[in-house]
Amino acid sequence: MVTDVKADIDREIREGDLAELKKAGEELKKTQSAVESAGAQIIEDSELGELKKTGEELKAAKGEFETVGEELKTAKSEAESFGTNLADSDSMNSVGESIESGTPTPPADPSEKNTSR
């Protein structure tokens, strides 16, 4: 009978300890959640939140600048190509004008003789 009473007391102690541990675990989880929430709110309310937002805006602006940069490179390439075509056209006009005026065009290579008059 003493053994039975002793076993009952041990069982009640273990059950009580287990219940206290479960309760403490739940309280720790609630505290963890509250601390995480408070930390997130502090970051959001502080300058860190503003810095994060500004960083995201800067990343977006960088992307836009890169896009514009690529468009400018394309436009520059097209303009250079157009300029080359104009230069070729201008040289043709100067040759045509010199032929019309009767003035001989100097040869590109000095060893060539200009026979046109």
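All figures in this text were calculated on a predicted structure; none of them were measured in a lab.

S.K.: What should I look at first to understand the overall build of the protein in this one?
M.R.: Along the backbone of the protein there are two helices and zero strands. Here the protein, with 117 residues, has 2% of them falling under the buried criterion. A total accessible area of about 10700 Å² is found for the protein, and carbon and sulfur atoms account for 58% of it.

S.K.: Please explain the pattern of salt bridges as it appears in this structure.
M.R.: If the charged atoms of two oppositely charged side chains come close together, the side chains can form a pair. Inspection of the entire model under this criterion finds four salt bridges. Between Asp-8 and Arg-11 there is a salt bridge whose closest N-O contact spans 2.9 Å. Of the two residues, Asp-8 and Arg-11 both sit in helix H1 (residues 2-45), three residues apart, roughly one turn of that helix. On the basis of relative accessibility, which here comes to 34%, the residue Asp-8 falls in the partly exposed class. What makes Arg-11 partly exposed here is its relative accessible area of 40%. One salt bridge in this structure joins Lys-73 and Glu-70, with 3.8 Å as the shortest N-O distance.

S.K.: Please clarify how a nonpolar patch on the surface should be interpreted in this entry.
M.R.: The grouping of Met-1, Val-5, Ile-9 and Ile-13 at the surface amounts to a nonpolar patch, some 430 Å² of accessible area in total. When you line up the elements, Ile-9 lands in helix H1.

S.K.: Quick question: what am I supposed to make of a negative patch on the surface here?
M.R.: Where like charges cluster on the molecular surface, the negative patch consists of Glu-47, Glu-50, Glu-56 and Glu-57. Along the polypeptide, Glu-57 turns up in helix H2 (residues 47-101).

Rules behind the numbers
Residues numbered from 1 in each chain as written. Predicted model: local features only at pLDDT ≥ 70, side-chain atom pairs only at ≥ 80, totals over all residues. Heavy atoms only, no water. Helix = DSSP H or I, 4+ residues; strand = E, 2+ residues; numbered from the N terminus. Buried < 20%, exposed > 50% of the residue type's maximum accessible area, 1.4 Å probe, protein only. Areas by Shrake-Rupley, 256 points an atom, 1.4 Å probe, with all protein chains shown as cover. Salt bridge = Lys/Arg side-chain N within 4 Å of Asp/Glu carboxyl O. Patch = residues over 30% accessible without salt bridge, like charges linked within 9 Å, V, L, I, M, F, W, Y side chains within 5 Å. Lys, Arg positive; Asp, Glu negative; His and termini not counted. Charge placed at Lys NZ, Arg CZ, Asp CG, Glu CD.

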